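Examining the three-dimensional arrangement
Listed below are the residues making up each chain.
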Amino acid sequence: MFRIAVLISGSGSDLQSVIDGVNSGYIKASIEAVISDNKDAYGIKRAEENGIPAYVFDKREYKEGVSELILSVIKDKVDLVVLAGFLSVLKGDILKEFRDRIINIHPSLIPAFCGKGMYGIKVHQKAVDYGVKVSGCTVHFVDEGTDTGPIIFQRTVPVYFDDTADILQKRILKEEHIALPEAVKLISEGKVVLKGRKTIVMD
Ligand code: GRF
């Protein structure tokens, strides 16, 4: 069985979309662990409600040690690491051990509105303020950078003149809950092939 770990920091609605995908049989995989760098993350409750082992390495307590602690939990135990609203930047051995096996979802069309410090509502505020006509979400592989790895999927939404950041965030989140489970499913089926900086997704 294809085994995954999901890393979170917040409410975990993206995590929930993966849990629902597994529970419905859409994704043939098992979620071996949910790991949070925030002890208050509601996503921990979502894991517990679904009988998934949850681990908490709060970044306020563990600081720079979070990446190593996560590696100690998942090394040799999972095939794919899914960052679902995970706000810490992974560094060190975990990136080597799981090279090309970590994916992230970002709430914009990378390379727009991404990079260091660009997360949550700030992303949508920038998009609204800039006056873009489309935005969306991106699922990508994680490399040493921030939001810089090869893109797997992007889903777009229209942006309207009177949109607020909050309205746009909600519109994009709906697309995230489609894109992330689909990406996990296709990777578990071996249908995403990395070609250097680009990917081929076979459907
Ligand atoms: C999502 O918008 C995701 O794109 C970003 O963080 C948010 C997580 O939301 N990385 P949730 O905690 O999954 O509800």
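Look a little higher up for the structure.
Structural notes, computed from the coordinates. (Residues numbered from 1 in each chain as written. Predicted model: local features only at pLDDT ≥ 70, side-chain atom pairs only at ≥ 80, totals over all residues. Heavy atoms only, no water.)

With respect to the packing of aromatic side chains
The line we're drawing: Only the six-membered ring of Trp is used, alongside the rings of Phe and Tyr, when aromatic pairs are assigned; centres must lie within 6.5 Å, and planes under 30 degrees apart are stacked while those over 60 apart are edge-to-face, with the rest tilted. When accessible area is computed with a 1.4 Å probe and restricted to protein chains, residues below 20% of their type maximum are described as buried, those above 50% as exposed, and intermediate ones as partly exposed. A helix here means a DSSP run of H or I that spans at least four residues, while a strand means a run of E at least two residues long, and both kinds are numbered starting from the N terminus.
The tally for this structure, following the rule as stated, stands at two aromatic pairs. Taken together, a centroid distance of 5.8 Å and an interplanar angle of 85° make the contact between Phe57 and Tyr62 edge-to-face. Phe57 sits in the buried class, given a relative accessible area of 11%. With a relative accessible area of 33%, Tyr62 lands in the partly exposed category. Where Phe113 meets Tyr130, the ring centres are 6.1 Å apart and the plane angle is 70°; that geometry is what we call edge-to-face. Here the residue Phe113 occupies a position in the loop between β5 (102-106) and α6 (121-130), and Tyr130 occupies one in helix α6, the gap between them amounting to 17 residues.

Some remarks on helix α4 (residues 66-74)
Test applied: Directions drawn from the helix axis to the C-beta atoms are what define this arc. In what follows, residue pairs with any heavy atoms lying within 4.5 Å of each other are defined as contacts.
Taken together, the buried positions of α4 are occupied by Val66, Ser67, Ile70, Leu71, Val73 and Ile74. End-on, the buried residues of α4 take up no more than an arc of 160°, which puts them together on one face. Buried residues along α4 sit against β1 (2-8), β2 (29-36), β3 (54-56), α3 (59-62), β4 (80-83) and α5 (93-97). Trailing α4 by a residue or two, Asp76 shows a phi angle of about 65°, which is positive.

Some thoughts on the sheet that holds strand β7 (residues 151-158)
The strands that make up a sheet are held in pairs by hydrogen bonds between backbone atoms, and each pair lies either parallel or antiparallel. Rules: At least two DSSP bridges between two strands are required for those strands to pair. Axis definition: a line fit to C-alpha positions, over the contact stretch in the case of helices; interaxial angles, taken between N-to-C directions, run 0 to 180 degrees.
Strand order in the open sheet made by the seven strands is β3-β2-β1-β4-β5-β6-β7, with mixed pairing throughout. The sheet is open, and its two borders are formed by β3 and β7, each paired with just one other strand. Along the sheet, successive strands turn relative to each other by an average axial angle of 20°, direction set aside. Looking at chain direction, β1 and β4 are connected through four bridges and run parallel. Directly across from Ile4, in β4, lies its bridge partner Leu80.

Description of the packing of α6 against helix α7 (residues 165-188)
Just so we agree on the cut-off: Angle categories are assigned with fixed cut-offs, so that under 35 degrees is roughly parallel, over 145 is roughly antiparallel, 65 to 115 is roughly perpendicular, and the rest are oblique. Handedness of a crossing is defined here by the sense of rotation of the near helix relative to the far one, left-handed for an anticlockwise turn of less than a right angle and right-handed for a clockwise turn.
In contact at an axis separation of 8 Å, α6 and α7 are set at 115° when each is read in the N-to-C sense. On the basis of the axis angle, α6 is roughly perpendicular to α7. Crossing hand, α6 versus α7: right-handed. Contacts from Ile121, His124, Gln125, Ala127 and Val128 of α6 reach α7 at Ala165, Asp166, Leu168, Gln169 and Ile172.

Notes on the packing of helix α1 (residues 13-23) against α7
Stated precisely, the cut-off is as follows: Ten residues, namely Ala, Val, Leu, Ile, Met, Phe, Trp, Tyr, Cys and Pro, are considered nonpolar, four, namely Asp, Glu, Lys and Arg, are considered charged, and the remaining ones, Gly among them, are considered polar.
Where α1 contacts α7, the axes come no closer than 9 Å and their chain directions differ by 45°. In terms of orientation, α1 and α7 fall into the oblique class. Pair α1 / α7 crosses with right-handed handedness. From α1, Ser13, Asp14, Ser17 and Val18 reach across to α7, where they touch Leu173, Glu176, His177, Leu180, Pro181 and Val184. A breakdown of the residues in the contact of α1 with α7 according to their chemical character gives five nonpolar, three polar and two charged.

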